[in-house]
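Each chain, written out:
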Amino acid sequence: MSVLVLVLAVSAACCLGFGFVLQQNAAQRAPLNDFLSPRLLLDLVKVPRWLGGIGLMVAGMVLGAIALGQGELSLVEPLLATNLLFALALSRKQTRQPLGRQGWAGLALLAGGVTAFIVAGEPHGGSALEDPFRQWLIIGAMIGLALLLTTYAKRSRLSSGPALLAVAAGLLYGVQDALTRVSGQRFADGGLAEVLTGWQPYAVLALGVTGLVLVQSAFETASLRMSLPALTAAQPLAGILCGVGFLGDRLRTDTGALAWEAAGLAAVVVGIVLLGLHPAMPCGPARRAPARDLQPS
């Protein structure tokens, strides 16, 4: 594994984790009548804390895109999942909660799972598959599942809705990461003109905006405990599926390697859940604010 890819991916995770906490701090005060509406972004753009969180998220996405340009999606995505460690670090500073057994167990499972998956799978690049049907099948399945989850979340807004929205956003972000890598490859092959003549950068933008609305709606209606673990778990799984499915990423497929890869991913998910449910994560219910109550802070 390239040290540069490691540094870029972990730096991206740091920016993303801090950014998510700041965004949720602001979004939980947004008016609930903006739920799943672009108006939510128009309200939040007036809040300095939210803008700071968005700035960090954008920085994380840029660093992640550079990492994707240097390494395989199946390598970068598990590293990006460590954003929850940085989110927990900032939340601990705000809540002054000790890490405790749950925190250390979650940290060990997340870090150990990422390490096990990378060491056992040895992700390496290959030639992208020249099979448009397979590519559109995987992308369509991800977007379709995200749409179904969003539709159901609208019916259960304050119960399971936030977690479902976070999973939907994670799926979209995983596809976005895959298409970001494709755009980077097109840029390396033919420059900016080659990128702008393809559909991928426009899809990246559309997925990013849609995912942002879903995430902020999840942050608006529930605490980080309900939303961030689901988002953090769904994105790398979707990204790895896209990487292996149509971008040509290769993993070891012997029995022992597959067992360790599966165990590593399972440990990552369990570690994410333990960290996401840690007492340090803000757990207070979102304030049901009318539109006039959302003030910059």
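Here, the structure is the one placed above.
Please read these numbers as outputs of a predicted model, since none were measured by experiment.

Time to look at the packing of helix α6 (residues 100-121) against helix α11 (residues 255-276). In contact at an axis separation of 7 Å, α6 and α11 are set at 155 degrees when each is read in the N-to-C sense. Classified by the interaxial angle, the pair formed by α6 and α11 is roughly antiparallel. Judged by the sense of rotation from one axis to the other, the crossing of α6 with α11 is left-handed. Residue composition of the contact of α6 with α11, grouped by class: 17 nonpolar, seven polar and one charged.

Here we take up a nonpolar patch on the surface. Residues Phe 187, Leu 192, Leu 196 and Tyr 202 make up a contiguous nonpolar surface patch of about 440 Å² in total accessible area. Among the elements that take part in the nonpolar patch, helix α8 (residues 161-196) stands out by supplying three residues, more than any other. As for its position among the elements, Tyr 202 is in helix α9 (residues 200-221). On the accessibility criterion, Tyr 202 (47% relative accessible area) is partly exposed.

Now for unusual backbone geometry. Look at Glu 122: it is not a glycine, yet its phi comes out positive at around 45 degrees. Judged by its relative accessible area of 44%, Glu 122 is partly exposed.

If you walk through the whole model with that rule in mind, you get four salt bridges. Between Glu 122 and Arg 252 there is a salt bridge whose closest N-O contact spans 3.8 Å. Placement of the pair is Glu 122 in the loop between α6 and α7 (132-155) and Arg 252 in the loop between α10 (224-246) and α11, with a sequence separation of 130 residues. Taking the shortest distance from any N to any O, the salt bridge between Glu 194 and Arg 186 comes out at 3.5 Å. By relative accessible area, which is 33% here, Glu 194 ends up partly exposed. The network of salt bridges with common partners includes Glu 122, Arg 252 and Asp 254.

Look at α9: 32 Å from first C-alpha to last across 22 residues, which is about the 32 Å you get at 1.5 Å a residue. By the criterion of burial, α9 is predominantly enclosed, with 16 of the 22 residues buried.

Take Arg 250: it is sitting in the loop between α10 and α11. Measuring from C-alpha to C-alpha, the distance between Arg 250 and Gln 176 comes to 20 Å, with 74 residues separating the pair along the chain. Within the structure, Arg 250 has its side chain in polar contact with the backbone oxygen of Gly 248 (distance 3.2 Å).

Thresholds applied
Every residue gets a number counted from 1 within its own chain, in the order that chain's sequence is written. Only residues with pLDDT of at least 70 are given local features in this predicted model, and only at 80 or more are side-chain atom pairs given and counted; all residues enter the totals for whole chains, interfaces and linings. Based on all heavy atoms of the structure, the side-chain values leave hydrogens and waters out of the count. Lines fitted to the C-alpha atoms define the axes, with helices restricted to the stretch that makes contact. Angles between their N-to-C directions range from 0 to 180 degrees. For the purposes of this entry, the term helix denotes a DSSP run of H or I that reaches at least four residues, the term strand denotes a run of E that reaches at least two, and both are numbered from the N terminus. Throughout, the term roughly parallel applies to angles under 35 degrees, roughly antiparallel to angles over 145, roughly perpendicular to angles from 65 to 115, and oblique to all others. The sense of a crossing depends on the near helix, which, turned anticlockwise from the far helix by less than a right angle, makes the crossing left-handed and, turned clockwise, makes it right-handed. Any residue outside Ala, Val, Leu, Ile, Met, Phe, Trp, Tyr, Cys, Pro, Asp, Glu, Lys and Arg is labelled polar, Gly included; the first ten of those are nonpolar and the last four are charged. Here a patch means residues that are over 30% exposed by relative accessible area and free of salt bridges, tied together within 9 Å if like-charged and within 5 Å if nonpolar (Val, Leu, Ile, Met, Phe, Trp, Tyr). Note that accessible areas follow from Shrake-Rupley with a 1.4 Å probe, and for residues the cover is restricted to the protein chains shown. Each reported salt bridge corresponds to a side-chain nitrogen of Lys or Arg within 4 Å of a carboxyl oxygen of Asp or Glu. When accessible area is computed with a 1.4 Å probe and restricted to protein chains, residues below 20% of their type maximum are described as buried, those above 50% as exposed, and intermediate ones as partly exposed. The length a helix should cover is 1.5 Å for every residue beyond the first. We define a polar contact as two N or O atoms separated by no more than 3.5 Å, with the added condition that, inside protein, one atom must be a possible hydrogen donor and the other a possible acceptor, whereas residues neighbouring each other in sequence contribute only through side-chain atom pairs.

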